[in-house]
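A structural walkthrough
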Amino acid sequence: IIKGFENQSLFIIISAIAILSMFVGNLLAIQQKNIKRLLAYSSIANMGYLIIILLTGSDKGIQSAIFYLITYFITTIGAFGVISLLSTKYREAEKIEDYKGLFWKRPWIAVVFTLCMLSLAGIPITAGFIAKFYLIYEGMNAGLLILIFSMIINSVIGLYYYLRVITTMFSSAGETELPSVSITGKLTLIIITFGILVLGLYPGWLIDFIVKYAIL
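Note that the structure is a prediction, hence the values are computed from the model and not measured. (Residues numbered from 1 in each chain as written. Predicted model: local features only at pLDDT ≥ 70, side-chain atom pairs only at ≥ 80, totals over all residues. Heavy atoms only, no water.)

Take the nonpolar core next. Residues Tyr99, Phe113 and Met117 are the most contacted members of the largest nonpolar core, which totals 33 residues. Looking at this core, the elements that each hand over two or more residues are α2 (35-54), α3 (59-85), α5 (107-121), α7 (145-169) and α8 (183-201). With 9 residues, the single largest contributor to this core is α5. What Met117 contacts, discounting residues up to four positions off in sequence, is Leu39, Ala79, Tyr162, Val165 and Ile166. Among the nonpolar cores identified, the runner-up in size contains 25 residues, and Ala45, Ile53, Ala65 and Met151 belong to it. (Core = buried A, V, L, I, M, F, W, Y, C linked by side-chain atoms within 4.5 Å. Buried < 20%, exposed > 50% of the residue type's maximum accessible area, 1.4 Å probe, protein only. Helix = DSSP H or I, 4+ residues; strand = E, 2+ residues; numbered from the N terminus. Contact = heavy atoms within 4.5 Å.)

This part covers the packing of helix α6 (residues 127-141) against α7. The angle between the axes and the distance between the axes are what describe a pair of packed helices. α7 packs onto α6 with a crossing angle of 155° between their chain directions and a minimal axis gap of 8 Å. On the basis of the axis angle, α6 is roughly antiparallel to α7. As for the relative orientation of α6 and α7, their crossing is left-handed in sense. Here Lys132, Leu135, Ile136, Gly139 and Met140 of α6 lie close against α7, whose contacting residues are Leu145, Ile148, Met151 and Ser155. Looking at the contact of α6 with α7 residue by residue, the classes come out as 6 nonpolar, 2 polar and 1 charged. (Axes fitted to C-alpha atoms, helices over the stretch in contact; angles between N-to-C directions. Parallel < 35°, antiparallel > 145°, perpendicular 65-115°, else oblique. Left-handed = near helix turned anticlockwise from the far one by under 90°. Nonpolar A, V, L, I, M, F, W, Y, C, P; charged D, E, K, R; others polar.)

This part takes up α5. Given a rise of 1.5 Å per residue, 15 residues ought to cover 21 Å, and the 21 Å separating the end C-alpha atoms of α5 matches this to within 8%. Burial analysis of α5 places 11 of its 15 residues in the buried class, which makes it a mostly covered element. Within the span of α5, buried status applies to Ile109, Ala110, Val112, Phe113, Thr114, Leu115, Cys116, Met117, Ser119, Leu120 and Ala121. On its buried face, α5 is in contact with α2, α3, α4 (102-105), α6, α7 and α8. Positive backbone phi, at 80°, marks Gly122, one or two positions downstream of α5. (Expected span 1.5 Å × (residues − 1).)

Let's shift gears to the pattern of salt bridges. All told, the structure shown has 2 salt bridges when counted by the stated rule. Among the salt bridges present, the one from Lys36 reaches Glu92, with a minimum N-O distance of 2.3 Å. One end of the pair, Lys36, is in helix α2; the other, Glu92, is in the loop between α3 and α4, with 56 residues separating them in the sequence. Take Glu92: its relative accessible area is 43%, and that puts it in the partly exposed class. (Salt bridge = Lys/Arg side-chain N within 4 Å of Asp/Glu carboxyl O.)

Attention shifts here to the packing of helix α1 (residues 8-29) against α2. Two numbers describe how α1 lies on α2: the axes approach to 7 Å, and their chain directions differ by 155°. One way to sum up the angle between α1 and α2 is to call them roughly antiparallel. Note on packing geometry: the crossing formed by α1 with α2 is left-handed. Contacts from Ile14, Ile17, Ala18, Ser21, Met22, Gly25, Asn26, Leu28 and Ala29 in α1 reach Leu38, Tyr41, Ser42, Ile44, Ala45, Gly48, Tyr49, Ile51 and Ile52 in α2. Across the contact of α1 with α2, the residue classes break down as 13 nonpolar, 5 polar and no charged.

Moving on: unusual backbone geometry. Of note in this structure, Ile125 is not a glycine but carries a positive phi near 75°. Checked against the element boundaries, Ile125 lands in the loop between α5 and α6. Ile125 gets classed as partly exposed once you look at its relative accessible area, which sits at 48%.

If you want it as structure tokens, here you go:
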């Protein structure tokens, strides 16, 4: 039994919830044509991933969970920030089709949104990749092989619908008129981009901070 889970029945129940969350969240997300619903259902899958790391019952597992939450928060704020910037009081940019050809109209916004999608998918050089790496590493060390295997399968499923959004942005331009973006909005996206890349390339400083201050 994993440290902190002497009750085997409780451990099995929580593990089942994690696996169910991963598969249900991803299988619902993959069917969505609405970007907000896609992100909402993918968050269910991400909570399933997070449960895995909490099941390790170790200090390093808790540290990895905190790092995962921080990176997920930054990336999700970035994704919803793009949606908000491209929406108007008359029309919300909530359908995947609304992002058709975004790269040819607002290339820098498309790049930011692509980076957010890649981070959520756990692709290298992004914060999401480091977060998932630590999750898998600690889960393997704790012997949670079935859970880690389930996570890897679901990460592949997630990659499919994240890439679907990305390919839509790089397809031929659509006819939808896009609103202008304020300086505040641009600065916000720059900060989000910086955060995703810095945590993806140089995560050590945040990990050291978490180890020093977040664990009593």
